[in-house]
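Read off the chains here:
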Amino acid sequence: MTAYDYDLFVIGGGSGGVRAGRVAASLGKRVAIAEEYRFGGTCVIRGCVPKKLFVYASQYHEHFEDAAGYGWQVGESSFDWKKLIEAKDKEITRLEGLYRKGLENNKAQIFESRAELVDAHTIRIVSTGQTVTADRIVIATGGTPNPHAALPGHELCISSNEAFHLPELPRSILIAGGGYIAVEFANIFHGLGVDTTLIYRGKEILSRFDQDMRQGLHKAMVEKGIKIVLTDVIEEVSKAPEGGLSAHTLCGATINADVVMLALGRDPNTQGLGLEAAGVEVNERGAIVVDKYSRTSVQHIYALGDVTDRVQLTPVAIHEAMCFIETEYRGNPTAPDHDLIATAVFSQPEIGTVGLSEEEAAKRYEELEIYRAEFRPMKATLSGRAEKMIMKLVVDAASRKVLGAHVLGDDAGEMAQLLGISLKAGVTKDDFDRTMAVHPTAAEEFVTMYSPSYRVKNGERI
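What you are looking at is a predicted structure, and each value in this text was computed from that prediction instead of being measured.

**Remarks on the packing of aromatic side chains**
What characterises a pair of aromatic rings is the spacing of the ring centres plus the angle enclosed by the ring planes.
1) Next: Throughout the structure, instances matching the rule amount to 10 aromatic pairs.
2) Next: Judged by centre distance (5.4 Å) and plane angle (55°), the rings of Phe54 and Phe164 are tilted. Highlighted residues: Phe54 in helix α3 (residues 48-67) and Phe164 in the loop between α5 (160-163) and β8 (172-176), separated in sequence by 110 residues. For the pair shown, Phe54 and Phe164 are each scored as buried.
3) Next: Taking the ring centre of Tyr371 as reference, the NZ or CZ of Lys429 above it sits at 4.3 Å.
4) Next: Directly above the ring of Tyr454 sits Arg461, whose terminal nitrogen or CZ lies 3.7 Å from the centroid.

In structure tokens, the structure reads:
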């Protein structure tokens, strides 16, 4: 029997990789993990966590405005970008330390280096040139922002990575993209006082989300003062004579901004990993091809998280890691369950969603019942804010099963988490109707919409 240096070698120190390595080590396996940047991955270091901290920071100007309606007199306020960056960096360093501590406490060996495959069982530690061998290998190197290299002037632009480390808060920003990253950053920068423009090639922001959520958020963003340009794209970015940047668009517009941010999707981070040398298959996008158990084309090599381009969400990577542990080390073959994943867009207002949109459900089911409510939340009654909430249930008319639940408004992400449990359990609209409301809350609307707002039959509203 071949003797390997490690039972498991993990390439990538993000949420999925660290979970796989830490739990395997806790089971007594000899584990090593390599990370070339910082432990915590995209989510902790340059994604979900710092983004959510920025979201909180950007909401305070509205909180100050709303306070007057409730009797508070708030004095003159100001914002210090450098203090936010400093506080954010301190928190990220703390979280990274926890990731490291979890690995160290379970006696996993940490390599602070890029790691590349030499063959199906051999890994080269790039910083030292050392090679080690492993019985099993997990690749969890995540994704990276698409640089849109074909765009003239792309080198003048930033991605979401750099947005967390700007030396100064810009006076104006142009963000290209219509997905959740672009939308969230548009709201963040606007909330911090930046003149913000969003440009997107599609007819509406947030493709694949329910149309009511998309349109409701679009309207709210425009009412706040965010400029949204649809069905147009940037064709060139250049330095402006008066300073800053000029973006020239397909439709002939010129948009000037201090900063241009490209949020045009993310690519699997597989370049230069030595996958070909190890015999690991990738698809046309460079994503690692895996079976239902996250196993690659090489029997003992697995891939988890964004590098597989399945569902690009941190909890999904963690779930896939735990399924790997069950399959390989607990004798319980377990395939990740990617159905009915609740998700949130931390825009302002938020979107929380789980299950099928009305548009997608209409393609799969003969007849739908749609329950929809749009209302001014109680919090806005004294503040005078005009922002509306939208809540929506998509129901199969034949079985009464709830196929999708969608929320636009404050705390939508929190609601989506709990709605996700309900839909995962297969609840029907009758179950919602039998549930007592918690009053006064916004969420009670989900259990008090007794009559359909309208029906959809064979894809047509009736």
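**A look at the environment of Arg136**
1) Next: Along the polypeptide, Arg136 turns up in strand β6 (residues 130-139).
2) Next: For the pair formed by Arg136 and His121, sequence separation is 15 residues and the distance between their alpha carbons is 7.4 Å.
3) Next: If sequence neighbours within four positions are ignored, Arg136 has contacts with Asp7, Leu8, Phe9, His300, Glu328 and Tyr329.
4) Next: At 2.6 Å, the side chain of Arg136 forms a polar contact with the side chain of Asp135.

**Things to note about the packing of α3 against helix α4 (residues 81-105)**
1) Next: Running from N to C, α3 and α4 cross one another at 145°; their axes reach a closest spacing of 10 Å. Seen along the crossing, α3 lies across α4 with a hand that is right-handed. Across the interface between the two elements, Val49, Pro50, Leu53, Phe54 and Ala57 from α3 touch Trp81, Leu84, Ile85, Lys88, Glu91, Ile92 and Leu95 from α4.
2) Next: Broken down by class, the residue content of the contact of α3 with α4 amounts to 10 nonpolar, no polar and 2 charged.

**Some details on the side chain of Lys392**
1) Next: One can find Lys392 in strand β20 (residues 389-396).
2) Next: On the accessibility criterion, Lys392 (1% relative accessible area) is buried.
3) Next: At 2.7 Å, the side chain of Lys392 and the side chain of Glu358 are in polar contact.
4) Next: Look past the residues within four positions of Lys392 in its chain and what remains in contact with it is Asp210, Asp212, Met213, Glu358, Ile370, Tyr371, Arg372, Gly404, Ala405, His406, Phe446 and Tyr454.

Each value, and the rule that gives it
Residues numbered from 1 in each chain as written. Predicted model: local features only at pLDDT ≥ 70, side-chain atom pairs only at ≥ 80, totals over all residues. Heavy atoms only, no water. Phe/Tyr/Trp six-rings, centres within 6.5 Å; stacked < 30°, edge-to-face > 60°. Helix = DSSP H or I, 4+ residues; strand = E, 2+ residues; numbered from the N terminus. Buried < 20%, exposed > 50% of the residue type's maximum accessible area, 1.4 Å probe, protein only. Lys NZ or Arg CZ within 6 Å of the ring centre and 35° of its normal. Contact = heavy atoms within 4.5 Å. Polar contact = N/O pair within 3.5 Å; in protein donor to acceptor, adjacent residues only side chain to side chain. Axes fitted to C-alpha atoms, helices over the stretch in contact; angles between N-to-C directions. Left-handed = near helix turned anticlockwise from the far one by under 90°. Nonpolar A, V, L, I, M, F, W, Y, C, P; charged D, E, K, R; others polar.

It is worth stressing that arrangement in space is one thing and function is another; only the former is reported here.
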